[in-house]
Amino acid sequence: MDVIALILSIVGSLNWGLIGIFQFDLVAWLFGGQSGIISRIVYTLVGLAGLWCISFLFRKDSPLPDE
């Protein structure tokens, strides 16, 4: 589950990078516009993956350095 969440988060962040730099929404382009059902599903999965990745911050085996 962690790997899937990380992959979806990377896809989402790359998509936001493309939007910010080139004003190009790759997900919408691939799946039929921002209001297309598949695009909305992808956006929702990316959002849920981001929420899941928040848990990485609070795990004892987190790769983040201790302060």
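Residues numbered from 1 in each chain as written. Predicted model: local features only at pLDDT ≥ 70, side-chain atom pairs only at ≥ 80, totals over all residues. Heavy atoms only, no water.

**With respect to the overall build of the protein chain**
Heads up, the condition is: Under the DSSP-based scheme used, a helix requires at least four consecutive residues in state H or I and a strand at least two consecutive residues in state E, with every element numbered from the N terminus. The globule rule is 2.2 Å times the number of residues to the power 0.38, and the radius of gyration it is compared with is taken over C-alpha atoms. A simple rule labels every residue: compare its accessible area, found with a 1.4 Å probe on the protein chains alone, to the largest value its type can have, and call it buried under 20%, exposed over 50%, or partly exposed in between. For accessible areas, the Shrake-Rupley method is used with a probe of radius 1.4 Å. Any residue's cover is judged against the shown protein chains and nothing else.
If you tally the helices and strands in the protein chain, you get three helices and zero strands. Reading the protein chain from its N end, one meets helices and strands in the order α-α-α. By the compact-globule yardstick of 11 Å for 67 residues, the protein chain is too spread out, its C-alpha radius of gyration being 14 Å. Scored against the burial criterion, the 67 residues of the protein chain give a buried share of 19%. A total accessible area of about 5400 Å² is found for the protein chain, and carbon and sulfur atoms account for 72% of it.

**What about unusual backbone geometry?**
The backbone of Gln23 shows a phi angle near 55°, a positive value even though the residue is not glycine. With respect to the secondary-structure elements, Gln23 resides in the loop between α1 (2-22) and α2 (26-31).

**Details of the environment of Arg59**
Heads up, the condition is: We call two residues in contact when some of their heavy atoms are within 4.5 Å.
Counting through the fold element by element, Arg59 comes out in the segment after α3 (37-54). For Arg59, a relative accessible area of 28% translates into the label partly exposed. Taking C-alpha positions, Arg59 is 35 Å from Phe31, a pair spaced 28 residues apart along the chain. Once residues within four sequence positions are removed from consideration, Arg59 is found in contact with Asp2 and Trp52.

**Describing α3**
Condition: By this rule, a helix spans an expected 1.5 Å times one less than how many residues it contains. Regarding the arc, it is the one traced by the directions from the helix axis to the C-beta atoms.
A rise of 1.5 Å per residue sets the reference length of α3, with its 18 residues, at 26 Å; its end C-alpha atoms lie 26 Å apart and thus fit the reference within 8%. Taken residue by residue, α3 has Ser39, Val42, Val46, Ala49 and Cys53 as its buried positions. Buried residues in α3, looked at end-on, bunch into an arc of 85°, giving them a common side. Those residues of α3 that are exposed and aimed more than 90 degrees away from the buried face are Ile37 and Leu51. Turning to α3, the residues buried within the fold contact α1 and α2.

**Looking at α1**
Across its 21 residues, α1 extends 30 Å between first and last C-alpha, which sits within 8% of the 30 Å expected from 1.5 Å per residue. Every buried residue of α1 is listed here: Ala5, Gly12 and Asn15. Taken end-on, α1 shows its buried residues confined to a sector of 90°, consistent with a single buried face. The outward face of α1, more than 90 degrees from its buried face, is lined by the exposed residues Val3, Leu14, Ile21 and Phe22.

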